[in-house]
Amino acid sequence: MHKVKAVNLACPLDGLPLTQGERQLCCPAGHSFDIARHGYVNLLPVQNKKSREPGDSTEMVEARRRFLNAGFYRPIADQLTALMLQSLPDTEPCIVDAGCGEGYYLDQVNRVLAANGRDATLIGLDIAKPAVIAACRRNRQLTWLVASNNNPAIMPKTVDLILCLFGFPVYPAFARMLKPGGRLLLVDAGPDHLLELREVIYPEVRKSPPPAIDKAQQAGFKLVDSRTLRYHTAALNHEQIADLLRMTPHLYRASSVGKEAAARLSSLRLTVDVVFRILGRSE
Ligand SMILES: C[S@@+](CC[C@H](N)C(=O)[O-])C[C@H]1O[C@@H](n2cnc3c(N)ncnc32)[C@H](O)[C@@H]1O
Ligand SMILES: [Zn+2]
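Along every chain, residues carry numbers that run from 1 in the direction the sequence is written. The order in which chains are written sets their letters, starting at A; the order in which ligands are written sets their numbers, starting at 1. Reporting in this predicted model follows two pLDDT cut-offs: at least 70 for local features of residues, and 80 or more for side-chain atom pairs to be given and counted; totals over whole chains, interfaces and linings ignore these cut-offs and use all residues. The basis for every side-chain value is the complete set of non-hydrogen atoms in the structure, without hydrogens or water.

Trainee: Explanation requested: the sheet that holds strand 2 (residues 24-26) in the structure shown.
Mentor: What holds strands together in a sheet is hydrogen bonding between their backbones, with the strands either parallel or antiparallel. If DSSP finds at least two bridges between two strands, the strands pair. Helix and strand assignments follow DSSP, with helices taken as H or I runs no shorter than four residues and strands as E runs no shorter than two, numbered in order from the N terminus. Read from one edge to the other, the open sheet built from three strands follows the order 1-2-3, with strand pairing classed as antiparallel. The sheet terminates laterally at strand 1 (19-20) and strand 3 (32-34), the two strands that pair on one side only. Both strand 2 and strand 3 contribute to a ladder of three bridges, which runs antiparallel. Counted as the bridge partner of Leu 25 is Phe 33 from strand 3.

See the structure below:
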């Protein structure tokens, strides 16, 4: 039986600390949460689900897994882990990947920490069960949760670093999780991200800046550091272009004419333009 480390986990119903049982995590008030055979714990109460299958579908998750495994975003993982090492305290840290998808980045974080001889508590959570199942397949050693950024089921003031890549940050909930001095690392698309694909699927390309962080500031965060990573990928083949479309919101936004144009492509090199922002709490 897979042992899920119950470190820093909270009951999603009452916030009490969860402890490890044989096949469950339990809170002192008697709520219990089964450890699924894949190795994750579902801490998303049914009443908090806004749809029957929230978050990314199996098809999107599989497309993202294939695309990331091909290494096109490896430089993003490398920049992420370099910034992570700079942001961690000397003590054994707790890192949460909020909206971890199929676990590519937290797995890279784990590899880099191990290579640096550092122990850590690593928790990946996502609202989409198919994503969390894929994350368990990628690395069963980490703690994977089906949970929501709205109610992450993590004890207050226990987390050193929250990662949120191309995700849906909920700043007040993130603020509650962080220890004093803790950091939030946001990774978002910049104006030129995937430009060549957008030029194919949209009649007109809008170059939007990364999402504003005013809501983060309202929750007491301040910007500590900001970096841009730009590079060109190797050429994607026809299947990889289809996977990239499946894993992004562009699939829903593009017109059928745009999608047909993308389907005719046999090869495409892409600009990656990604913004890394490190936020801290002004206590
Ligand atoms: C664009 S994907 C990014 C996944 C991963 N961070 C990556 O970069 O590969 C966004 C992820 O956020 C998840 N998600 C959406 N709403 C969420 C919420 N309220 N709480 C947690 N995860 C959520 C989706 O299921 C999806 O896996
Ligand atoms: Zn409880």
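After presenting the structure, the write-up continues.
Trainee: What is the right way to read the side chain of Arg 277 from this model?
Mentor: Among the secondary structure elements, Arg 277 is positioned in strand 13 (residues 271-281). Separated by 3.2 Å, the side chains of Arg 277 and Asp 188 make a polar contact. Pairing of N or O atoms within 3.5 Å defines a polar contact, subject to two protein rules: one partner must be a possible hydrogen donor and the other a possible acceptor, and residues neighboring in sequence count only if both atoms are side-chain atoms. Only 2.9 Å separates the side chain of Arg 277 from the backbone oxygen of Pro 211, close enough to count as a polar contact. Any pair of residues with heavy atoms lying within 4.5 Å of one another is described as a contacting pair. If near-sequence neighbours (up to four positions away) are discounted, Arg 277 is found in contact with Leu 184, Leu 185, Leu 186, Asp 188, Pro 210, Pro 211, Ile 213, Leu 223, Asp 225 and Ser 226.

Trainee: Help me understand the side chain of Thr 81 in this model?
Mentor: Mapped onto the secondary structure, Thr 81 falls in helix 2 (residues 74-87). Note on classification: 1.4 Å probe, protein chains only; a residue is buried when its accessible area is under 20% of the maximum for its type, exposed when over 50%, partly exposed between these limits. Relative accessible area serves as the criterion here: at 5%, Thr 81 is assigned to the buried category.

Trainee: In this structure, what is going on with the coordination of the zinc ion (ligand 2)? I would like to understand it.
Mentor: Expected angles at a metal are 109.5 degrees for tetrahedral coordination by four donors and either 90 or 180 degrees for octahedral coordination by six donors. In this description, a donor is an N, O or S atom within 2.8 Å of the metal centre, a cutoff extended to 3.2 Å for sodium, potassium and calcium. Water is not part of the atom list, which can make sites seem incomplete. Summarising the metal site, the zinc ion (ligand 2) is bound by the protein donors Cys 11 (SG), Asp 14 (OD), Asp 14 (OD), Cys 27 (SG) and His 31 (ND1), whose distances to it range over 2.1 to 2.7 Å. Of note, the zinc ion (ligand 2) draws all its donor residues from one chain, in the sequence arrangement C-x2-D-x12-C-x3-H. For Asp 14, a relative accessible area of 32% translates into the label partly exposed.

Trainee: Would you take a moment to explain the pattern of salt bridges for this structure?
Mentor: Two side chains with opposite charge may pair up if their charged atoms get near one another. When a carboxyl oxygen of Asp or Glu is within 4 Å of a side-chain nitrogen of Lys or Arg, the pair counts as a salt bridge. On inspection of all chains with the given rule, the structure shows 14 salt bridges. Between Glu 102 and Arg 138 there is a salt bridge, with the nearest N and O atoms lying 2.5 Å from each other. Residue Glu 102 is located in the loop between strand 5 (94-98) and helix 3 (104-115), and its partner Arg 138 is located in helix 4 (residues 129-138); the two are separated by 36 residues in the primary sequence. In this structure, the salt-bridge partner of Asp 243 is Arg 246, at a minimum N-O distance of 2.7 Å. With Asp 243 and Arg 246 both in helix 8 (residues 238-247) and three residues apart, the pair spans about one turn of that helix. Relative accessible area serves as the criterion here: at 21%, Arg 246 is assigned to the partly exposed category. Members of the salt-bridge network, linked through shared partners, are Glu 59, Arg 66, Asp 243 and Arg 246.

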